[in-house]
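# Structural overview for review
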Amino acid sequence: MRITRREALKLAAVAAASSALPLSIPRRRLPRARAGSSAAPTSIRVANTACIICGQRCPIRIYVAEVGGEQVVAKVVYNTDPEYDRYFAACGRPQAIPELRFLPQRIRRPLLRVGARGEGRFREISWEEALNILAEKLKKYLDEPWRIVVLSHQGFEGGLVRSFFESVLGTPNTTQHCDTCHTGCDIGRKPIFGAYKGPSAFMPDYANAKLAVFMGRNPAGGIVASAWTKMFTEGRANKMKLVVFDVRESRLTELADEYYIIPPGTDLAVSLALLNIILSERLYNKDYLVKWTNAPMLVYADTMEPVKLAPNPLMKGKKTYLVYDEADGKFRLKTEALSPALEYEGTYQGRPVKTVLLAIRDAVKNYTPEWAEKITGVPANAIRRLAHELADAAPKAFIDHGYKGTRYYNEGMLNRVNMLINIMLGSLGAKGGIAYPAGKPHFKSPIDILGIAKTKPRGTSIPGYWASQGVENIRPGCWSMLVARSIIEGKPYPIGVLFIHLENFVSHVLGGRKLAEALKDENRVEFIVVLDTVFNETTMYADLVLPVPFFFEYEPITLNYAKKSYVSVVVDPQKALDPPRGVDARPTWWILVEIAKRLGKLPPGASVDPIAVKRKQAEEAGINYAELRRKGYALLWTKPKYHPWGGKPLPTTTGELELVNVEWLAKYRSYIGKESPLNPLPCWVPPLWMRKGGLADNEFVVVEFQDPLTAINNFMRFARLVSDSLKWGRLYGVQMHPSRARRLGLRDGDLVRLVGPNGEVTARVIVTEKVHPMVLAAPHATALDERVVPNKVVVETSSGTLTVKLFGDGGGYGVNNNFLGDPMVSVVPEEGYRAAQHDFVVRVEKL
Ligand SMILES: Nc1nc2c(c(=O)[nH]1)N[C@H]1C(S)=C(S)[C@@H](COP(=O)(O)OP(=O)(O)OC[C@H]3O[C@@H](n4cnc5c(=O)[nH]c(N)nc54)[C@H](O)[C@@H]3O)O[C@H]1N2
Ligand SMILES: Nc1nc2c(c(=O)[nH]1)N[C@H]1C(S)=C(S)[C@@H](COP(=O)(O)OP(=O)(O)OC[C@H]3O[C@@H](n4cnc5c(=O)[nH]c(N)nc54)[C@H](O)[C@@H]3O)O[C@H]1N2
Ligand code: SF4
Ligand SMILES: [Mo]
């Protein structure tokens, strides 16, 4: 039943011996290939697939050797197209694949909870029993489908899970995790583009850039191997200048030409000062602003209302507006003006008016470099110089568009201001600027191909309810924090079935003790089912646990794509080899099909061939499937998209880039002058931690970051490759500046208790100059404290009781902010209740 340590040793030792590459074989579990175990492989097979360890879908090839009747992973390399190699790469993490298969934390069979919820005690059951229990629970709620709530993001079939529950079971309540990831970026840029614009909506054109500025973004740590990190290395090779703002030193600051270590959540001050200089010293691109933006729009100086909007004869469904025509000094509609003024200020029919550009200039006029220096410590003359360097190198210069955007309360505004700067420079859509990626292909849903009976989602949704309670700008499909709040408050209704597919909900949302306690209560959530490969913080609260294979251990049922470059890469994820003996994991799609059958949505005898489904998808998209299968990828489009709008009019009122959004002006006018994310004009918004005044001697802001080998909340944390490399890199703990450690009497290696507003974590101190004195920094999710969430699972198997620790071997002394912060406080209700995961004060107590 179980994989014994000896079996794991034997298999992986063979893998090491048969490998052509220096594989990342963990030291202790798999010591050294012994003579006798190095039998020559009898065959080697190549499986083309895509890596989804951190979800980017980088095309990879897995070589599988057959040795003495056993299949072993021999090597893992990136897959590429000779002509477009610059867009293909893989990082180091897939090198852990041989080890991942044998993680002691693997879930081996379906499990049913025994004992109280949240104790982490289970017994093994059969798949038949597990599926029948699940189908019964779901049936109970088919008349109230909204009480089935689904969290699903990762995996090749994350989207399929959501559409299955929406369109087959009819729940409006399916969501992903972006409100803990990039929602701050998306909403911050919404007023400019008229639509949520996430990180994947852009392609930073590093390869052709002369200057790139990074604020809270680290392509050398938060890796997107295919294609951003690869293009970033190309940019550096092409002598792109690199300026970095961070709260700590990293591989990126080592590479940088210039870097500034600043207090957490204060980048916005630097950005506002840059914008101020660009506007007051007229460093902007005049033609670009006139042609592609509403910068010349006249607004009343007192109310900021547009003076006049009228249907645009040149753009269907869009409005044009009154401008001041410099050609002859007359007011007319922009579509009729020869030379719309950017800097007009005067009166129109007796009322003072000015252009949008001047409204912005006036809004930021007090945010001088000297003001920013006081907040950030960045010298005022360095900010001035950077503004000029950006303008001199424009349009091949930009502030990176970022990735994670849910750390601080003010990140929406930061992303808005940074994009405004790129627009002022004329860099958005330019070669060497922030360009646009190829876009995503559309594939027919496997639900339709298989003919599963469909319905329509109905009932009051969780986001619908919270919107009615005043939460603004909820990004569709991105409200996992609102699920946490609904569970904590029991509103708008108790959840019937919480279906969690490849999301480590408890670890990834800001929940702290409040969520951990609420999850134990069956009156708030009747039944919790978790699908995963390994045990984690979330499986502790499950009633039913269903093991799924790793992404390379089964044949997925749907084509996928990598979408972060000009090149639209379709990938056909393929099975490389089976899960190890003793692991009875089943693919997500198989589980959905079995549910559909039990609910009468698919004939009981229907047989499903995942390859046939993918072939059909490919054919309908005009892709040659035989070739796709052979190569593992297909390229749909390869055209650079250099255009300020990305090709067509935007979904704003005017169809243009709106530097001040016309709808926001109407909706949020009362916020003008307030330090609020809803202010239609750029403004300073302090981070939440700052509102308390200063930090006491024992108080810090805890910042989590991506280390090149870690991957957020998932199984990578348990790989020896990762924990060893963190230890060797002096990163398995929390980094503290020597000046602070001294004052607290702490020495390297000391254990401390971190006490947050809503939970605690025990951490090991690493004393280093590399962090800002206000900050404690650590790779994300490297800790678990049993005072908040249990750390071990006990499983009754047919052959005895098995105990599995999540963080063993002395690990787990890093941090997870989500167990410290308060989910009712460190959130941004103005931005869909997204998390502000780092934005609170944590007290350090010596142990
Ligand atoms: N405190 C704090 N919280 C954070 C963050 C932080 O830095 N600090 N980061 C946030 C960010 S940016 C994100 S994107 C979310 C992510 O948080 P999650 O949505 O939870 O994503 P993952 O960490 O990828 O974990 C997904 C779960 O699916 C399982 N799984 C199975 N197969 C696969 C696979 O092939 N790929 C992946 N990825 N998982 C698989 C993993 O074991 C894991 O349990 O967390 C957010 N939460
Ligand atoms: N290795 C690795 N790569 C990944 C992932 C992974 O799990 N592991 N996940 C992917 C995902 S889901 C995401 S969202 C991206 C995230 O990609 P990034 O957003 O680049 O990742 P982070 O490391 O969270 O943050 C970048 C930097 O911001 C710094 N920082 C924190 N607070 C501040 C601040 O107030 N000001 C400034 N200037 N800097 C600050 C951190 O120290 C860190 O160096 O990475 C993707 N790539
Ligand atoms: S960046 Fe690395 S871990 Fe993430 S999907 Fe690509 S290869 Fe896998
Ligand atoms: Mo993320």
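Keep in mind that what you see is a predicted model, and the values were worked out from it rather than measured.

### Points about helix H12 (residues 380-393)
Taking 1.5 Å of rise per residue, the 14 residues of H12 would be expected to cover 20 Å, and the 20 Å separating its terminal C-alpha atoms lies within 8% of that figure. In the core, the buried residues of H12 are packed alongside strand E9 (211-215), strand E10 (241-246), strand E11 (258-261), helix H8 (267-280), helix H11 (369-376) and strand E18 (397-399).

### Topic: the state of the cysteines
Counting across every chain of the model gives 1 disulfide. Here Cys 178 engages in a disulfide with Cys 478; their sulfurs sit 1.9 Å apart. An S-S torsion of about -70 degrees defines the bridge between Cys 178 and Cys 478 as left-handed. Here the residue Cys 178 occupies a position in the loop between strand E7 (174-175) and helix H5 (183-193), and Cys 478 occupies one in the loop between helix H15 (462-468) and helix H16 (480-489), the gap between them amounting to 300 residues. No difference in accessibility class separates Cys 178 from Cys 478, as the two residues are buried.

### So, the domain arrangement of the protein
Assigned domains of the protein: these are domain 1 (111-180 + 441-559 + 581-621), domain 2 (203-435 + 648-671) and domain 3 (692-846). Domain 1 and domain 3 are separated by 28 Å when their C-alpha centres are compared. Counting residues at the interface gives 39 residues for domain 1, matched by 45 residues for domain 3. Roughly 3,300 Å² is buried in total at the junction of domain 1 and domain 3, and carbon and sulfur atoms are behind 60% of that figure. If you look at where domain 1 meets domain 3, you find 3 salt bridges. In this structure, Asp 822 engages Lys 514 in a salt bridge whose closest nitrogen and oxygen atoms are separated by 2.7 Å. Between the two partners, domain 1 and domain 3, sit 21 residue pairs in polar contact (both at pLDDT 80 or more).

### Side note on the site of ligand 2
In the neighbourhood of ligand 2, 30 residues make up the surrounding shell, with Ile 223, Asp 246, Asp 267, Arg 407 and Thr 710 lying closest. Notes on ligand 2: free accessible area 910 Å², of which the protein chains cover 99%. Elements with a contribution of two residues or more to the shell around ligand 2: E10 and strand E26 (699-705). The class makeup of the residues in the shell around ligand 2 is 14 nonpolar, 8 polar and 8 charged. Both domain 2 (203-435 + 648-671) and domain 3 (692-846) contribute no fewer than three residues apiece to the shell around ligand 2.

### Things to note about unusual backbone geometry
Here the residue pair Ser 226 and Ala 227 is connected by a cis peptide bond, since its omega of 10 degrees sits within 30 degrees of zero. Here Ala 227 lies in helix H6 (residues 225-237). Cis rather than trans, the peptide bond between Ala 394 and Pro 395 has omega equal to 5 degrees. Tracing the backbone through its elements, the reader meets Pro 395 in the loop between H12 and E18. One non-glycine residue, Gln 349, adopts positive backbone phi at about 45 degrees. You can see Gln 349 is positioned in the loop between strand E16 (345-348) and strand E17 (351-355). Even without a glycine there, the phi angle at Ile 712 is positive, about 30 degrees. Within the secondary structure, Ile 712 sits in the loop between E26 and helix H23 (720-728). The class for Ile 712 is partly exposed, based on a relative accessible area of 30%.

### Overview of the site of ligand 1
The environment of ligand 1 is formed by 26 residues, the closest being Ile 52, His 177, Lys 404, Asp 532 and Asn 713. Here Leu 502 contributes a backbone N or O atom positioned 3.5 Å from an oxygen atom of ligand 1. Here a nitrogen atom of ligand 1 and a side-chain polar atom of Asn 816 are 3.4 Å apart. When ligand 1 is considered free in solution it has 870 Å² of accessible area, and contact with the protein chains removes 98% of it. Grouping the constituent residues of the shell around ligand 1 by class yields 8 nonpolar, 14 polar and 4 charged.

### Points about the packing of aromatic side chains
Aromatic rings considered in pairs are described by the distance between their centres and by the relative angle of their planes. As enumerated under the stated definition, the model contains 29 aromatic pairs in all. Centroid distance Tyr 465 to Trp 466: 4.9 Å. Interplanar angle 75 degrees. Geometry classified as edge-to-face. Taken together, the aromatic side chains of Phe 156, Phe 550, Phe 551, Phe 552 and Phe 715 make up a single cluster linked through ring pairs. Its end group placed over the ring of Phe 705, Arg 248 keeps NZ or CZ at 3.4 Å from the ring centre. In this structure, Lys 564 is placed above the aromatic ring of Trp 228, and the distance from its NZ or CZ to the ring centre is 5.4 Å.

Reading the values: the criteria
- Residues numbered from 1 in each chain as written.
- Chains lettered and ligands numbered in written order.
- Predicted model: local features only at pLDDT ≥ 70, side-chain atom pairs only at ≥ 80, totals over all residues.
- Heavy atoms only, no water.
- Helix = DSSP H or I, 4+ residues; strand = E, 2+ residues; numbered from the N terminus.
- Expected span 1.5 Å × (residues − 1).
- Contact = heavy atoms within 4.5 Å.
- Disulfide = S-S within 2.5 Å.
- Buried < 20%, exposed > 50% of the residue type's maximum accessible area, 1.4 Å probe, protein only.
- Domains from an automatic or database assignment.
- Buried area = accessible area lost by both parts, 1.4 Å probe.
- Salt bridge = Lys/Arg side-chain N within 4 Å of Asp/Glu carboxyl O.
- Polar contact = N/O pair within 3.5 Å; in protein donor to acceptor, adjacent residues only side chain to side chain.
- Near = heavy atom within 4 Å.
- Areas by Shrake-Rupley, 256 points an atom, 1.4 Å probe, with all protein chains shown as cover.
- Nonpolar A, V, L, I, M, F, W, Y, C, P; charged D, E, K, R; others polar.
- Phe/Tyr/Trp six-rings, centres within 6.5 Å; stacked < 30°, edge-to-face > 60°.
- Lys NZ or Arg CZ within 6 Å of the ring centre and 35° of its normal.

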